[in-house]
Amino acid sequence: MAYIGTGVEYALHCLLWLVAPPEQRPSSRDLADIQGVPVAFVAKIFSKLEKAGIVESSGGIRGGYCLARAPEDITVLDVVDAVEGEKSLFDCQEVRGRCALFEDNPPKWANRGVCGIHAVMLNAQKVLRDELAKSNLATLSAGVFGKGMTKDFLSEVKIWFSDRHTAREDARITGIRARSATDEDGG
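Computed from a predicted model, the values in this text were never measured in an experiment. In this numbering scheme, every chain counts its residues from 1 along its sequence in written order. Only residues with pLDDT of at least 70 get local features here, since the model is predicted, and only at 80 or more are side-chain atom pairs given and counted; chain-wide, interface and lining totals rely on the full set of residues. Side-chain numbers come from the whole structure's heavy atoms, not from hydrogens or water.

Draft legend 1. The overall build of the protein chain, seen in detail. When helices and strands are tallied, the protein chain shows seven helices and two strands. Numbering of helices and strands runs from the N terminus, with a helix taken as a DSSP run of H or I at least four residues long and a strand as a DSSP run of E at least two residues long. In the protein chain, the order of α-helices and β-strands from amino to carboxyl end is α-α-α-β-β-α-α-α-α. In the protein chain, buried positions account for 30% of the 187 residues. Using a 1.4 Å probe, the Shrake-Rupley method yields the accessible areas, and only the shown protein chains count as cover for residues. Surface exposure of the protein chain reaches about 11,700 Å², of which carbon and sulfur atoms provide 55%. Summary of the burial criterion: residues with accessible area below 20% of their type's maximum are buried, those above 50% are exposed, and those between are partly exposed, where the area comes from a 1.4 Å probe applied to protein chains only.

Dropping the structure here:
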């Protein structure tokens, strides 16, 4: 099992679309659909991102998401911690004091200081977290969108998001008209 799960990958890819946001705020469904990832999963992820202050949402059919801070101020570590929670890379079980020869009474030297294995894992965790803190959404975006992505494609993306927003708005208006007609008919 991966230390950093798929949710982080989905979150980062979705957040990249918000770095250079479309005209209207995309919904979690829009962000999931444009990438072919599970809608329900993205909705749960965005709830966590909002709670962590990474995104802001506006409710309703016209609602959607935007970044709550500048892309330069949102690190990959921020996203990992928001989606996965701050968890340890390693859970030391203090096996060194369980030697059968100790007969459940380990000598003091057996557990003295930090376990050498645990120390290596703590260092690895620090290095990992430091590295994740060095990268932010702005640098990720420049790398992803700078790989030959054309302005035509980015224009298509903006149109796609706009069409999705228009479709939601049309559905909202149609729903209001239908409810109004039902109310007028006494139903």
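Draft legend 2. Geometry of the pattern of salt bridges. When a carboxyl oxygen of Asp or Glu is within 4 Å of a side-chain nitrogen of Lys or Arg, the pair counts as a salt bridge. Under the counting rule described, the total for this entry stands at nine salt bridges. With its nearest N and O atoms 3.0 Å apart, the salt bridge here joins aspartate 30 to arginine 164. With aspartate 30 in helix 2 (residues 28–35) and arginine 164 in helix 7 (residues 151–184), this pair connects stretches of sequence that are 134 residues apart. The class for arginine 164 is partly exposed, based on a relative accessible area of 21%. Two residues, arginine 164 and aspartate 33, come together in a salt bridge whose shortest N-O distance is 2.6 Å. Of the two residues, arginine 164 sits in helix 7 while aspartate 33 sits in helix 2, which places them 131 residues apart along the sequence. You can call aspartate 33 partly exposed: its relative accessible area is 32%. Members of the salt-bridge network, linked through shared partners, are Asp30, Asp33 and Arg164.

Draft legend 3. Fine view of the packing of helix 3 (residues 39–51) against helix 4 (residues 76–84). For helices, the fitted axis covers only the stretch in contact; all axes are lines through C-alpha atoms, and the angles between them, taken along N-to-C directions, range from 0 to 180 degrees. The geometry of helix 3 relative to helix 4 is characterised by a closest axis approach of 8 Å and an angle of 115° between their N-to-C directions. Once helix 3 is placed against helix 4, the crossing between them reads as right-handed. When helix 3 is examined against helix 4, the residues Ile45, Lys48 and Leu49 are found in contact with a partner set consisting of Val79, Ala82 and Val83. Asp, Glu, Lys and Arg are counted as charged, while Ala, Val, Leu, Ile, Met, Phe, Trp, Tyr, Cys and Pro are counted as nonpolar; the rest, among them Gly, fall into the polar class. Looking at the contact of helix 3 with helix 4 residue by residue, the classes come out as five nonpolar, no polar and one charged. By convention, the crossing between two helices is left-handed when the near helix turns anticlockwise from the far helix through less than a right angle, and right-handed when the turn is clockwise. Only heavy atoms matter for contacts: two residues are in contact if any of them lie within 4.5 Å across the pair.

Draft legend 4. Molecular detail of the nonpolar core. Among buried residues, the Ala, Val, Leu, Ile, Met, Phe, Trp, Tyr and Cys ones that are joined through side-chain atoms within 4.5 Å form a nonpolar core. In terms of nonpolar packing, the biggest core is built from 32 residues, with Leu15, Leu18, Phe46, Leu49, Ile54, Val55 and Val79 touching the most fellow members. The set of elements that each furnish at least two residues to this core consists of helix 1 (6–19), helix 2, helix 3, strand 2 (64–67), helix 4, helix 6 (137–145) and helix 7. A per-element tally of this core places helix 1 first, with nine residues. Setting aside chain neighbours within four positions, we find leucine 15 in contact with Phe46, Leu49, Ile54, Val55, Leu67, Val79 and Leu137.

Draft legend 5. Summary view of the confidence of the model for the protein chain. As a per-residue measure, pLDDT reflects the predictor's confidence and takes values from 0 up to 100. In this model, the protein chain carries a mean pLDDT of 87, and residues with pLDDT of at least 70 account for 89%. No element of the protein chain has a lower mean pLDDT than helix 7, at 76, and none a higher one than helix 4, at 97.

Draft legend 6. Structural context of helix 3. For helix 3, which comprises 13 residues, the first-to-last C-alpha distance of 19 Å matches the rise-based estimate of 18 Å (1.5 Å per residue) to within 8%. All of the buried residues along helix 3 are Val42, Ile45, Phe46 and Leu49. On an axial view of helix 3, the arc spanned by its buried residues comes to 100°, and they lie on one face. Facing away from the buried surface of helix 3 by more than 90 degrees, the exposed residues are Ala40, Lys44 and Lys51. Where helix 3 is buried, its residues contact helix 1, helix 2, strand 1 (55–58), strand 2 and helix 4. Positive phi appears at glycine 53, one or two residues downstream of helix 3, with a value of about 75°. Helix span, expected: 1.5 Å multiplied by one less than the number of residues in the helix. Summarising the geometry, the arc corresponds to the directions from the helix axis toward the C-beta atoms.

Draft legend 7. A look at unusual backbone geometry. Within the chain, glutamate 94 stands out as a residue other than glycine whose phi angle is a positive 50°. Mapping glutamate 94 onto the fold places it in the loop between helix 4 and helix 5 (116–134). Looking at glutamate 94, the relative accessible area reads 33%, which means it is partly exposed. With a phi close to 60°, aspartate 104 is a non-glycine residue in the positive phi region. For aspartate 104, the location among the structural elements is in the loop between helix 4 and helix 5.

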